[in-house]
Amino acid sequence: MDFLNELNEAQREAVLSVNGPNMIIAGAGSGKTRVITYRLAFIIQQGLADPFELLALTFTNKAAREMRERISKIAGLEAKNIWMGTFHSVFSRILRQEAEKLGYTREFTIYDTDDALSSIKEILRGQNIDDKSFKPKNILNLISNAKNYLIDAEEFESKYVVDTKTEIAARVYKIYTEKCFKANAMDFDDLLIKPIELFTQYPDILHKYQHRFKYIMVDEYQDTNYAQYLITRKLAAVHENICVVGDDAQSIYSFRGATIQNILNFKSDYPDVKVHKLEQNYRSTSNIVHAANSVIAHNEHQLEKRVFTDNETGDKIQLIITENENEEARKVVDSIREQKQVHSFLNRDFAILYRTNMQSRTFEDQLRKAGIAYRIYGGLSFYRRKEIKDMLAYMRLAINPKDDEALKRVINYPVRGIGNTTVNHMIAKAGDLKISFWEVLEQFQKMGFSTQAQKAIAGFVDAIKAFGTEAIREDAHDAASFIAKNSGMLKELHSDESAEGVSRWQNVQELLNALREFTENPENKEPYLHSFMSEIALFTDQDDTDKADSDVVSMMTLHSAKGLEYNSVYIVGVEEGLFPGAMSMNTREDMEEERRLFYVGITRAMKQLTLSYARTRNKFGQFSVNEPSRFIREIKAEFISSPHTNAEGSLLREIQKMNMPMRRPGTRDATPAQTEAFIGDDLSNLATGNRVEHGKFGLGKVLMLEGEGDERKATIAFDAKGEKLLVLKYAKLKIME
DNA sequence: CGCCGGGGGTTCGGA
DNA sequence: ACCCCCGGCG
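Everything numeric in this text was worked out from a predicted model, so none of it was measured.

### Things to note about the overall build of chain A
Argument step 1. A tally of helices and strands in chain A yields 27 helices and 21 strands.
Argument step 2. The buried share of chain A, reckoned over its 737 residues, is 52%.
Argument step 3. Here the analysis covers contacts within chain A between residues at least 6 apart in sequence; of these, 73% occur between residues at least 24 apart.
Argument step 4. As displayed, chain A has an accessible area near 33,600 Å², and 48% of this comes from carbon and sulfur atoms.

Given below as structure tokens:
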């Protein structure tokens with residue numbers, strides 16, 4: 001039990017308290033993952049349970065993978081057998097085993113959000129409902145919310161219809177449920193509520209799993225929804241060895257059904273719950289920890305908790321204040337370059353965090369111009385690209401031809417002469433007869449379409465059947481290659497010689513490579529397409545580890561930054577209306593969630609934290625003037641680097657004053673806004689051999705010039721700081737001689 | 001069937 | 001500013 005010595009007292013108690021209900025409130029950076037992994041390892045090493053009897057639920061694949069690796073290091077290979085994964089992956093595994101009980105086959109398809117939306121659209125169309133006045137996304141949200149609270153279509157109709165929109169949602173909900181069932185498909189919400197259905201209808205199955213899972217752990221408990229709460233409560237009912245881990249201050253997903261209520265429910269369900277608080281932060285400097293505390297203190301609703309640290313004080317938080325979003329990006333990138341020099345940071349030490357995805361563009365432009373490698377997280381992931389979804393649709397059909405959404409997607413791609421009119425007819429028919437699209441296709445002969453369409457359909461049906469046979473007979477890679485070739489997709493993509501077309505073709509090749517790896521991996525005992533497909537729907541971005549250890553600046557939304565840490569963090573666009581967002585200003589609940597999001601952002605930083613805001617910004621093509629975010633004012637002034645920390649509470653006014661142009665050429669800037677202090681000369685006549693002066697690096701000599709226009713760079717040997725390659729567009733240099 | 005242009009909308013987004 | 005969707009036309 002050596003590892004117990006690596007823990008502080010609170011952590012050790014949380015690890016050792018394995019029996020009965022436990023709740024661990026884990027502040028940011030308090031070693032939560034370490035506690036969870038040690039706790040599981042401890043249970044195994046003490047022989048309290050077999051790894052097969054442990055259930056550990058996480059929110060992301062990434063978290064599950066990391067945890068599995070860390071446990072294996074402590075507890076050995078046995079740890080592989082823990083039932084560890086996301087709620088969705090663990091319960092889809094159970095559902096596949098028990099699918100027949102619910103009238104599905106074990107090959108059921110998992111509909112992603114796009115599939116669900118497309119299905120809703122089809123239903124609206126069938127009901128002659130204008131999807132402009134009743135937006136599919138809206139309707140889907142209503143349905144999804146209902147599902148998360150285990151309200152079925154019938155109950156929704158009888159209790160929750162209050163206006164036209166909910167009336168329509170009720171109708172759509174009913175049809176959507178039937179359609180999914182006919183298509184042998186479950187959406188993401190179903191993966192959580194179907195197990196509850198299963199457990200309610202078949203108590204013996206519930207008993208089986210209740211007895212199997214002797215110990216249950218749930219990570220990120222503050223982000224669970226009602227269905228997830230219920231499912232864990234049911235499973236824990238026999239042994240009652242359940243441990244939930246979370247931080248109410250980091251609850252940022254209420255908009256998709258997560259509820260803090262679950263933590264309160266937990267306490268009332270298990271009155272003898274032992275509560276552990278991990279309050280020592282090991283991640284950040286004390287300035288950052290205190291700044292974060294001072295912000296979150298403005299929330300009324302929170303559990304009592306005092307996060308502290310023994311770490312060094314560290315630098316104060318920097319503010320970058322600019323006139324517009326382009327200048328903001330420029331100064332942030334300038335600051336990154338400066339910090340790289342001053343602190344010997346690498347690109348990978350930096351993260352730029354923003355509230356909305358649209359903010360990424362200006363930073364991308366500036367980083368590219370500065371020649372700094374970066375990576376945007378959470379953009380269009382590999383598996384959401386059109387060509388990949390098309391390929392996957394064929395593969396889905398090979399496994400489950402009743403998959404309506406996959407069928408719609410590729411029935412006429414590549415073009416094979418099955419036009420919209422034909423397709424719409426058949427879809428309407430399927431709706432009338434309450435059968436799947438595929439079953440309509442199989443009967444198409446009786447339906448009297450033109451012979452040309454009939455021929456095309458017959459060809460398509462034969463092809464899909466052949467794909468299905470291939471999927472059974474051959475391994476996953478060979479089956480997929482067969483499908484890529486015989487669907488006509490490879491040919492179609494190959495004929496497009498544009499750069500985009502080539503990249504699409506390459507993406508399909510990459511998918512085939514992934515299948516090859518899957519097939520050749522000896523750990524996969526069933527190297528067939530159906531087992532590949534059973535995982536793929538739950539498997540999204542951030543799984544491409546290829547770039548994970550390369551030296552790049554990370555850019556992402558504040559939401560996707562949760563759980564990560566960087567030496568230097570920039571939170572940008574910290575303005576009223578953007579962060580907090582304009583949509584969050586109506587209720588205290590929304591505002592507090594926004595503040596927690598800011599808290600999450602602050603606590604990602606280990607050493608340096610910089611906030612930036614732009615006084616004006618183009619939003620949706622409209623010029624807008626913004627005030628600095630209230631969140632800046634909420635940070636206690638002593639933790640921010642600013643000369644304007646005199647009067648308590650007046651920081652906001654002071655910040656606004658700082659926006660007034662008060663710079664005079666050739667003088668030091670009076671604002672703390674970094675990097676603008678040194679005013680450079682016009683460099684168009686710069687020549688090799690010139691002596692120059694740089695604000696940070698001092699005097700130096702130009703050795704070499706290269707590139708044109710914005711790309712023009714100079715290699716300069718500085719007397720004190722050595723050789724640097726500077727981009728002239730950004731370098732502020734005085735020409736001395 | 002496929003391309004082009006207009007109009008509406010626009011947070012955050014795991015699985 | 002940009003994206004997606006739809007309708008009209010070649």
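Having seen the structure, we can now continue with the description.
### Remarks on the protein's contact with DNA strand B
Argument step 1. Around DNA strand B sit 24 residues in total, of which T60, N412, V415, G419 and T557 are the nearest.
Argument step 2. Among atoms of DNA strand B positioned within 4 Å of the protein, sugar and phosphate together represent 41%.
Argument step 3. Residue N357 places a main-chain N or O atom 2.8 Å away from a phosphate oxygen belonging to DNA strand B.
Argument step 4. One nitrogen or oxygen atom from the main chain of G419 is found 3.1 Å from a phosphate oxygen belonging to DNA strand B.
Argument step 5. Tallied by class, residues from the surface near DNA strand B come to 8 nonpolar, 14 polar and 2 charged.

### Structural notes on the protein's contact with DNA strand C
Argument step 1. Every residue close to DNA strand C is listed here: K121, D131, R361, F620 and G621.
Argument step 2. Interatomic distance of 3.4 Å between a side-chain N/O atom of R361 and a phosphate oxygen of DNA strand C.
Argument step 3. Residues that form the surface near DNA strand C fall into these classes: 1 nonpolar, 1 polar and 3 charged.

### Quick look at the nonpolar core
Argument step 1. One finds M395, L441, F460, L511, L515 and L529 to be the most contacted residues of the largest nonpolar core, which totals 50 residues.
Argument step 2. Looking at this core element by element, the count peaks at 9 residues for helix α16 (residues 386-399).
Argument step 3. Beyond its immediate chain neighbours, meaning those up to four positions away, L515 contacts M395, A476, H477, A480, L529 and F532.

### Details of helix α6 (residues 136-148)
Argument step 1. The end-to-end C-alpha separation of α6 is 18 Å, in line with the 18 Å expected for 13 residues at 1.5 Å each.
Argument step 2. By the burial criterion, the buried members of α6 are P136, I139, L140, I143, S144, A146, K147 and N148.
Argument step 3. Structurally, α6 contributes buried residues whose contacts are with α5 (113-126), α7 (153-159), α8 (164-182), β5 (185-187), α9 (190-201) and α11 (226-235).
Argument step 4. At the C-terminal side of α6, L150 shows a positive phi close to 60 degrees.

### Observations regarding the sheet that holds strand β11 (residues 374-376)
Argument step 1. Ordered by their spatial adjacency, 6 strands build an open sheet running β9-β14-β13-β10-β12-β11, and the pairing between neighbours is parallel. Pairing within the sheet leaves two strands with one partner each, and these edge strands are β9 (318-322) and β11. Strand-to-strand twist across the sheet, computed as the mean angle between neighbouring axes with direction ignored, equals 20 degrees.
Argument step 2. Summarising the sheet, strand β10 (residues 350-354) and strand β13 (residues 566-571) pair through 4 bridges and their orientation is parallel. Bridged to I352 within β13 is Y570.

### A short note on the pattern of salt bridges
Argument step 1. Enumeration according to the criterion identifies 43 salt bridges in this entry.
Argument step 2. The salt bridge partner of E593 is R596, with a shortest N-O separation of 3.4 Å. With E593 and R596 both in helix α25 (residues 588-602), this residue pair falls 3 residues apart, about one helical turn.
Argument step 3. In this structure, a network of salt bridges that share partners links the residues K32, D219, E220, D223 and K562.

### What to know about the packing of aromatic side chains
Argument step 1. Summed over the entire model, instances satisfying the criterion amount to 22 aromatic pairs.
Argument step 2. Here the aromatic rings of Y104 and F181 are separated by 5.2 Å at their centres, their planes lie at 90 degrees, and the arrangement is edge-to-face. Of this pair, Y104 sits in the loop between α4 (87-98) and β4 (109-111) while F181 sits in helix α8, and the two are 77 residues apart along the sequence.
Argument step 3. Under the relative-accessibility criterion, Y104 is labelled buried at 5%.
Argument step 4. F181 sits in the partly exposed class, given a relative accessible area of 37%.
Argument step 5. An angle of 75 degrees between the planes, with centres 6.1 Å apart, marks the rings of Y394 and F467 as edge-to-face. Of this pair, Y394 sits in helix α16 while F467 sits in helix α20 (residues 451-473), and the two are 73 residues apart along the sequence. In terms of burial, Y394 and F467 fall into one category: buried.

### Looking at the pairing of strand β14 (residues 605-614)
Argument step 1. Burial runs high along β14: 8 of the 10 residues are buried.
Argument step 2. Where β9 meets β14, 5 bridges bridge the pair, whose relative direction is parallel. Across the sheet, T322 pairs through a bridge with A614, a residue of β14.
Argument step 3. Across 5 bridges, the pairing between β13 and β14 is parallel. From the neighbouring strand, Y566 faces β14, where its bridge partner is A605.
Argument step 4. Between the parallel elements β13 and β14, the chain passes through α25 in a crossover that is right-handed.

### Some words on the sheet that holds strand β7 (residues 242-246)
Argument step 1. Sheet architecture is open: 6 strands sit in the order β3-β2-β6-β7-β1-β8, paired in parallel fashion. Looking at which strands have only one partner, the edges of the open sheet turn out to be β3 (83-86) and β8 (274-278). Averaged over all pairs of adjacent strands, the angle between their axes in this sheet comes to 15 degrees, without regard to strand direction.
Argument step 2. Relative to β3, strand β2 (residues 54-58) runs parallel, the two sharing 4 bridges. Residue pairing in the sheet places L57 in a bridge with G85 of β3.
Argument step 3. Packed on one face of the sheet, helix α1 (residues 9-16) meets β1 (22-26) and β8 and runs near 145 degrees to β8.
Argument step 4. Packed onto the sheet, helix α3 (residues 61-75) meets β2 and β3 and runs at close to 155 degrees relative to β3.

### Brief notes about the environment of L397
Argument step 1. Looking at the element boundaries, L397 is found in helix α16.
Argument step 2. Taking the C-alpha atoms as reference points, L397 and K619, separated by 222 residues in sequence, lie 42 Å from one another.
Argument step 3. Filtering out sequence-adjacent residues up to four positions away, L397 remains in contact with D403, A406, L407, V410, F460 and I464.

### Remarks on the confidence of the model for chain A
Argument step 1. Overall, the predicted model of chain A reaches an average pLDDT of 86, with 88% of residues at or above 70.
Argument step 2. Taken element by element, the predicted model of chain A shows its lowest mean pLDDT in helix α27 (residues 651-658) (46) and its highest in β13 (97).

### Section: helix α18 (residues 420-433)
Argument step 1. With 14 residues, α18 should reach 20 Å at 1.5 Å per residue; the first-to-last C-alpha distance of 20 Å fits that figure.
Argument step 2. Along α18, the residues classified as buried are T422, V423, M426, I427 and A430. An end-on view of α18 places all buried positions within 130 degrees of arc, on one side of the element. When the buried face of α18 is taken as reference, the exposed residues oriented beyond 90 degrees from it are N420, T421 and D432.

### Observations regarding the pairing of strand β15 (residues 616-619)
Argument step 1. Sheet analysis places β15 next to strand β16 (residues 622-625), joined by 4 bridges and oriented antiparallel. Pairing of T616 across the sheet is with V625, part of β16.
Argument step 2. Between the antiparallel neighbours β15 and β16 lie 2 residues, among them F620 with a positive phi of about 50 degrees.

Criteria and thresholds
Residues numbered from 1 in each chain as written. Chains lettered and ligands numbered in written order. Predicted model: local features only at pLDDT ≥ 70, side-chain atom pairs only at ≥ 80, totals over all residues. Heavy atoms only, no water. Helix = DSSP H or I, 4+ residues; strand = E, 2+ residues; numbered from the N terminus. Buried < 20%, exposed > 50% of the residue type's maximum accessible area, 1.4 Å probe, protein only. Contact = heavy atoms within 4.5 Å. Areas by Shrake-Rupley, 256 points an atom, 1.4 Å probe, with all protein chains shown as cover. Near = heavy atom within 4 Å. Polar contact = N/O pair within 3.5 Å; in protein donor to acceptor, adjacent residues only side chain to side chain. Nonpolar A, V, L, I, M, F, W, Y, C, P; charged D, E, K, R; others polar. Core = buried A, V, L, I, M, F, W, Y, C linked by side-chain atoms within 4.5 Å. Expected span 1.5 Å × (residues − 1). Pairing = 2+ DSSP bridges. Axes fitted to C-alpha atoms, helices over the stretch in contact; angles between N-to-C directions. Salt bridge = Lys/Arg side-chain N within 4 Å of Asp/Glu carboxyl O. Phe/Tyr/Trp six-rings, centres within 6.5 Å; stacked < 30°, edge-to-face > 60°. Right-handed = clockwise from strand over helix to strand, strands pointing away. pLDDT = per-residue confidence, 0-100. Arc of directions from axis to C-beta.

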